[in-house]
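# Inside the fold
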Amino acid sequence: MTDARLPSAAESAYIDEVAEFFVEEGLPLIAGRVIGWLLICEPQEQTPAELTEALGVSRSSISSAMRLLTPSGLVERTRRRGDRHEYFRIAPDGWSRMLMRRYAKTTAFREVTERGLDLLADAPAARRERLARVADLYRFLEAELPQLLERWQAQQGGSR
């Protein structure tokens, strides 16, 4: 195991602030708290037992949070040679990977909105308007996000 420590009162308040942000984004509180702690903990890799102790939650709560956080690419599971423990950390490129996964869903939802517009092809314009606005937004995002992400990656490549 590592020499992990518990968060201070100020760090706990910060963890809760991060958690509240993610609760507003639809994540459970514990998942948000895990993100908050993994952003500031030392060492950066934490075992489930260390997360349980630091956050004062059950092991099953940590397991549930990890089932939500690892598929997005934000949090990754790691192992160390010769160590039977598994560790979790914020992936070095986790935030951009998470956004890339969200971006990939942009096209899929744009297609859903266009099927809805086809369905309502003969409906009055007022009935189609809500859906048309969403379709326009997703067309815009689909066109603009790739360049934005490319600029971000170029900036990161040049600044390291």
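Structure shown above.
Calculation criteria
Residues numbered from 1 in each chain as written. Predicted model: local features only at pLDDT ≥ 70, side-chain atom pairs only at ≥ 80, totals over all residues. Heavy atoms only, no water. Phe/Tyr/Trp six-rings, centres within 6.5 Å; stacked < 30°, edge-to-face > 60°. Helix = DSSP H or I, 4+ residues; strand = E, 2+ residues; numbered from the N terminus. Buried < 20%, exposed > 50% of the residue type's maximum accessible area, 1.4 Å probe, protein only. Axes fitted to C-alpha atoms, helices over the stretch in contact; angles between N-to-C directions. Parallel < 35°, antiparallel > 145°, perpendicular 65-115°, else oblique. Left-handed = near helix turned anticlockwise from the far one by under 90°. Contact = heavy atoms within 4.5 Å. Salt bridge = Lys/Arg side-chain N within 4 Å of Asp/Glu carboxyl O.

## Focus: the packing of aromatic side chains
- Inspection of every chain in the model, using the stated rule, returns three aromatic pairs.
- Taking the centre distance of 5.0 Å and the plane angle of 65° together, the rings of Phe109 and Tyr138 count as edge-to-face. With Phe109 in helix α5 (residues 94-119) and Tyr138 in helix α6 (residues 125-158), this residue pair connects regions lying 29 residues apart in the sequence.
- By relative accessible area, which is 23% here, Tyr138 ends up partly exposed.
- Three or more aromatic residues link up through ring pairs in this structure, and these residues are Phe21, Phe22 and Trp95.

## Things to note about the packing of helix α3 (residues 48-55) against helix α4 (residues 59-69)
- Contact pair α3 / α4: the axes reach a minimum separation of 9 Å and the direction vectors enclose 110°. The pairing of α3 with α4 is recorded here as roughly perpendicular in orientation. Here α3 and α4 pass one another in a crossing that is right-handed. Where α3 approaches α4, its residues Pro48, Ala49, Leu51, Thr52 and Leu55 are matched on the opposing element by Arg59, Ile62 and Met66.

## Details of the pattern of salt bridges
- This structure, assessed with the given rule, holds 14 salt bridges.
- With a shortest N-O distance of 3.9 Å, Arg110 and Glu111 are connected by a salt bridge.
- Residue Glu111 is classed as partly exposed on the basis of its relative accessible area of 36%.
- For Arg110, the salt bridge identified is with Glu142, shortest N-O distance 2.5 Å. With a gap of 32 residues between them, Arg110 in helix α5 and Glu142 in helix α6 connect regions that are remote in the sequence. For the residue pair Arg110 and Glu142, the accessibility class agrees, reading buried in each case.
- In this structure, a network of salt bridges that share partners links the residues Arg110, Glu111, Glu114, Asp136, Arg139 and Glu142.

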